[in-house]
Amino acid sequence: MTIAVPEPSEPPRRTWWQSNQQTLTPWLFLAPGIFMFAVYVIWPIFASFQFSFYDWDGLSPKTWVGWANYQELWGDRNFIISLKNNLIWLVLYMLAVPAGLGIAIFLNQTVTGIRIYKSLFFFPFVISQVVVGLMFAWFYAPNFGLFFLLTEWLFGTGTAVLANPEYATYGIIVAGLWPQIAHCMILYLTGLNNVAPDQIEAARLDGAKGLKMLWYVVLPQLRPATFIAVVVTVIGALRSFDLVSIMTNGGPFGQTRVLSFYMYEKALSEYGYRMGYGAAIAVVLFLIMMVFIAGFVWKMIRDEKGH
Amino acid sequence: MLRKPLGTGLVLSVALLGATSAIAQQRVLTFNTDTSDPAPKAAFEALIADFEAEYPDIDVQTNLFDHEGYKTAIRNFLTADSPDLANWYAGNRMKPFVDAGQFVDVSDVWADNDLNAQLASAESAMTIDGKQWGVPYTYYQWGMYYNKAVYDQVGAKVPETYEDFVANCKLFKDAGIDCLTTGTSAMWPAAGLFDYFDLRTNGYDFHMQLTAGEIPWTDERVRNTFAEWNKLVEPGYITANAAAIDWQDAAALLSQGKAANYVMGNFAVATFKDGGMTDDTLGFFPFPTINPDVARAEDAPTDTVHIPAGAKNPEDAKTFLAFLARPDVQTKLNAALGQLPVNNESTVDEADPFLSQGFEMLSTASGLAQFFDRDAPAEMAASGMEGFQEFMAYPANLEDILNRLESDRQRIYK
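Everything quoted here is computed from the prediction, not taken from an experiment.

Caption draft 1: Spotlight on the overall build of chain B. When helices and strands are tallied, chain B shows 19 helices and 13 strands. Computed over C-alpha atoms, the radius of gyration of chain B comes to 24 Å, within 12% of the 22 Å expected from 2.2 N^0.38 for 414 residues, which places it in the range of a compact globule. Projected onto its principal axes, the C-alpha positions of chain B cover 80 × 50 × 50 Å. Within chain B, buried positions represent 54% of all 414 residues. In chain B, the proportion of contacts linking residues at least 24 apart, taken out of those at least 6 apart, comes to 76%. Roughly 17000 Å² of accessible area belongs to chain B as shown, and the carbon and sulfur atoms make up 53% of that amount.

This is the structure:
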């Protein structure tokens, strides 16, 4: 780095830019990002809030309806079903965290060819959600699906999971868990690399083993990995759109809808074009997400202060 | 710094514009179509080549959209950058665009070219507020496709009445064959069934009033429709788990002889034939009579071409619509599409048993419905089809389903 030495005869004449360079530069670098974020994230959020008070089909002029869309949501059976399914998704998706941890611990050993096993377990995370959905849809398919034939062989009558309003949502969640577990596993595998061997050794000398070792020695060191795993799983559960769309299209008779899918259906699908109503659903989904996002941000700030 | 490239760009584009206008003496007609599948694409290319040969001073420029994506795209291009012509569908499907003032009234094209007589079967579907808003160029019949081999196997005869049909179902059931197959994972095949049960039970006028929201879903006559339908649902004559089956997979059941009948549109013939069926094993008959007192009406979804309100060249667009309506043009276009011409002076390929049967059936029908999701407004169509799908799985829920549809009706048709 070279530093320009000012001429000794003249006092340094600093332009406005030179004197404010230090404070301005970070903002200049941030500017493209802030611009994109504002245009593609912040502005649409406020636009959605605004649209949700209108009745609008995307073509005709908008009409102001106040809170009517939200009142209608409250009595809308399909909205309640979507909300309920979102909760089921959230709760069951959390299984991906302990399952991912289990597989990660299982794979965290030095055996010949372990890399192959690791990549096999990681495989479902690499393939597209659409492909996962298609595979599971065939797996469950009536008449020729493997799962259908299996239940037929076991119980005499086959169960078509995706045609059954009670099982269909669970069937989709299982499909979603497959890649999600792989995602959590990879997070824990990297976390396990950073577990301090000396502490393990010290614990072993003190006689800790098995579950106690895991709970008191290993898990506390995996806390950052656990935090990230929970965050990605919550986000994954809330944005569960593609699997629902591919596997059941919200059916049978709308019983597997989730909020994101219902919003799409109402606002943008072939039978929708109620932009205002769709926006109202989006606002509700946004508020639910805000609860989690605020929680995560609060925890991150607290952790950073703690250090 | 910005000035220079902008300046050059302007100069360049002005030069380009000048160049194109110097080259093109022709008038340009832009045409947005959704004919992305191979057969329709080729059919439209031939249509446009013929038009340009007849009108050498008009140059038709097509923008080809993906068939499904088009349904979303049309909303954008109608308001933002209108073409001169656009494909769409008849009936309630065009109503939002007509109401929003996005389509041009083409009643004069109809009046000047005697279309009210030649396109009579589709006139009501093209008319809103007493005016015509586009020109229909093709439709296809719906009806009962059946596997002749399994009919022979169980000794069933092609039924004339619904009673005969239900009696046949008993034979098929005993032989372990699904009497009626369907795959409602995309929901619309269920709507085809409802259309036919309602058209045969209550007739065309009632069906139109129902889809127009003038009759409550809890009406006794609607219950009668479902009661007829239930004669197949309750005894298990319809393929189980239909809600998780694609319509193509149900078509495979028919081709493989695991099912006997399928209520479908004529486009399914290609799928049946891909599954190994031939004109000798695949048969077609009109949906059987339920109530002998109602006149026979059929489902015949119609595809249309419209002039958007923002068209830059509406005069030549009208010339194109008049051309598209002509009997000889519709004959040729539909021969390539494998569908039926709307113009009653056109002809169809006699060698195709399904087309000739369909043409005969539609030209003698007392009324043509557009299909549930085109006759009813979009939202009502969506909740209706969901109800039909549920009914086929849980017929005991009928009361609940009808109440739900009725409350939707009261909200949707305000």
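Past the structure itself, the notes keep going.
Caption draft 2: Main features of the overall build of chain A. Helix and strand counts for chain A stand at 14 helices and two strands. Here chain A holds 307 residues, and 40% of them are scored as buried. Taking the intrachain contacts of chain A between residues at least 6 apart in sequence as the baseline, contacts between residues at least 24 apart amount to 64%. Of the roughly 18700 Å² of accessible surface on chain A, a fraction of 69% belongs to carbon and sulfur atoms. Placing the 18 positive and 16 negative side-chain charges of chain A at their respective mean positions leaves the two points 7 Å apart.

Caption draft 3: Just helix 16 (residues 353-363) of chain B, in detail. All names here are of chain B. When we look at burial in helix 16, the residues that qualify are F354, L355, S356, G358, F359, M361 and L362. Packing partners of the buried residues in helix 16 comprise strand 6 (135-139), strand 7 (142-147), helix 13 (268-274), strand 10 (282-285), strand 11 (297-299) and strand 13 (367-369). You can read the cap of helix 16 off the contacts: a side-chain oxygen lies 2.9 Å from the backbone nitrogen of F354, and it is on D352.

Caption draft 4: Looking closely at the pattern of salt bridges. For the coordinates displayed, the defined rule picks out 31 salt bridges over all chains. Here R257 of chain A and E265 of chain A are joined by a salt bridge, their closest N and O atoms 2.4 Å apart. Neither residue differs from the other here; R257 of chain A and E265 of chain A are each classed as buried. Across the salt bridge formed by E228 of chain B and K231 of chain B, the nearest N and O atoms sit 3.0 Å from each other. Taken together, the positions of E228 of chain B and K231 of chain B, both in helix 11 (residues 220-233) and three residues apart, correspond to about one turn of that helix. Each of the salt bridges in this network shares a partner with another, and the network as a whole consists of E72, K266 and R274 of chain A together with E379, D408 and R411 of chain B.

Caption draft 5: View of the sheet that holds strand 1 (residues 27-33) of chain B. All names here are of chain B. Pairing is mixed across the open sheet formed by five strands, whose spatial order is 2-1-3-12-6. Whereas interior strands pair on both sides, the edge strands pair on one side only; in this sheet they are strand 2 (58-64) and strand 6. In this sheet, adjacent strand axes meet at a mean angle of 25 degrees when their direction is disregarded. Here strand 3 (residues 85-89) runs beside strand 12 (residues 302-306); their pairing, made up of four bridges, is antiparallel. Counterpart to Y89 in the pairing with strand 12 is D303.

Caption draft 6: Representation of the environment of G91 of chain B. Residues and elements named next belong to chain B. You can see G91 is positioned in the loop between strand 3 and helix 4 (95-99). Separated by 280 residues in sequence, G91 and F371 place their C-alpha atoms 9.0 Å apart. Once residues within four sequence positions are removed from consideration, G91 is found in contact with A125, Q370 and R374.

Caption draft 7: Structural detail: the interface of chain B and chain A. In this complex, chain B contributes 30 residues to the contact, which on the side of chain A involves 26 residues. Here chain B and chain A share an interface that buries about 2300 Å² over both sides, 56% of which is from carbon and sulfur atoms. The tally of links between chain B and chain A comes to four salt bridges. Notably, a salt bridge pairs R274 of chain A with E379 of chain B, separated by 3.2 Å at the nearest N-O pair. Linking chain B with chain A are seven residue pairs in polar contact (both at pLDDT 80 or more). Of all the elements in the fold, those that place two or more residues in the side of chain B that touches chain A are helix 3 (70-79), helix 4, helix 12 (247-255), helix 18 (378-393) and helix 19 (398-412) of chain B.

Caption draft 8: Structural detail: the confidence of the model for chain B. Residue and element names in this part refer to chain B. Confidence in the prediction of chain B, expressed as mean pLDDT, is 89, and 94% of residues score 70 or more. Within the model, the stretch residues 1-24 combines pLDDT values under 50 with zero contacts to residues more than four positions away or in other chains. Taken over the whole predicted complex, pTM reads 0.82, whereas the ipTM for its chain interfaces reads 0.80.

Caption draft 9: Broad picture of the state of the cysteines. Residue and element names in this part refer to chain B. Applying the stated criterion across every chain yields a total of one disulfide over all chains. Between the sulfur atoms of C169 and its disulfide partner C179 the distance amounts to 2.0 Å. The S-S bond linking C169 to C179 shows a torsion near -60 degrees; that makes this disulfide left-handed. You can see C169 sitting in helix 9 (residues 162-174) and its partner C179 sitting in strand 8 (residues 178-181), a full ten residues away along the chain. Taking relative accessible area as the criterion, C179 reaches 1% and is therefore assigned buried.

Caption draft 10: Seen up close, the environment of L210 of chain B. Residues and elements named next belong to chain B. Tracing the sequence through the fold places L210 in helix 10 (residues 188-211). Spatially, the C-alpha atoms of L210 and V222 are 8.8 Å apart, while their sequence positions differ by twelve residues. Apart from residues no more than four positions distant in its own chain, L210 is found in contact with F194, D198, I215, P216, W217, V222 and Y413.

Caption draft 11: Layout of unusual backbone geometry. Residues and elements named next belong to chain B. Positive phi, normally seen in glycine, also occurs at D129, with a value near 55 degrees. Tracing the chain through its elements places D129 in the loop between strand 4 (127-128) and strand 5 (131-132). D129 sits in the exposed class, given a relative accessible area of 66%. Positive phi, normally seen in glycine, also occurs at N241, with a value near 60 degrees. Examined against the element boundaries, N241 turns out to sit in the loop between helix 11 and helix 12.

Caption draft 12: Structural detail: the packing of aromatic side chains. Residues and elements named next belong to chain A. Overall, the coordinates contain 67 aromatic pairs over all chains when judged by the stated rule. With a centroid separation of 5.5 Å and 45 degrees between ring planes, the pair formed by F139 and Y140 is classed as tilted. Above the face of the W56 ring, K62 is positioned so that its terminal group lies 5.0 Å from the ring centre. Above the face of the Y277 ring, R274 is positioned so that its terminal group lies 4.3 Å from the ring centre.

About the thresholds
- Residues numbered from 1 in each chain as written.
- Chains lettered and ligands numbered in written order.
- Predicted model: local features only at pLDDT ≥ 70, side-chain atom pairs only at ≥ 80, totals over all residues.
- Heavy atoms only, no water.
- Helix = DSSP H or I, 4+ residues; strand = E, 2+ residues; numbered from the N terminus.
- Rg over C-alpha atoms; globule rule 2.2 N^0.38 Å.
- Buried < 20%, exposed > 50% of the residue type's maximum accessible area, 1.4 Å probe, protein only.
- Contact = heavy atoms within 4.5 Å.
- Areas by Shrake-Rupley, 256 points an atom, 1.4 Å probe, with all protein chains shown as cover.
- Lys, Arg positive; Asp, Glu negative; His and termini not counted.
- Charge placed at Lys NZ, Arg CZ, Asp CG, Glu CD.
- Polar contact = N/O pair within 3.5 Å; in protein donor to acceptor, adjacent residues only side chain to side chain.
- Salt bridge = Lys/Arg side-chain N within 4 Å of Asp/Glu carboxyl O.
- Pairing = 2+ DSSP bridges.
- Axes fitted to C-alpha atoms, helices over the stretch in contact; angles between N-to-C directions.
- Buried area = accessible area lost by both parts, 1.4 Å probe.
- pLDDT = per-residue confidence, 0-100.
- Disulfide = S-S within 2.5 Å.
- Phe/Tyr/Trp six-rings, centres within 6.5 Å; stacked < 30°, edge-to-face > 60°.
- Lys NZ or Arg CZ within 6 Å of the ring centre and 35° of its normal.

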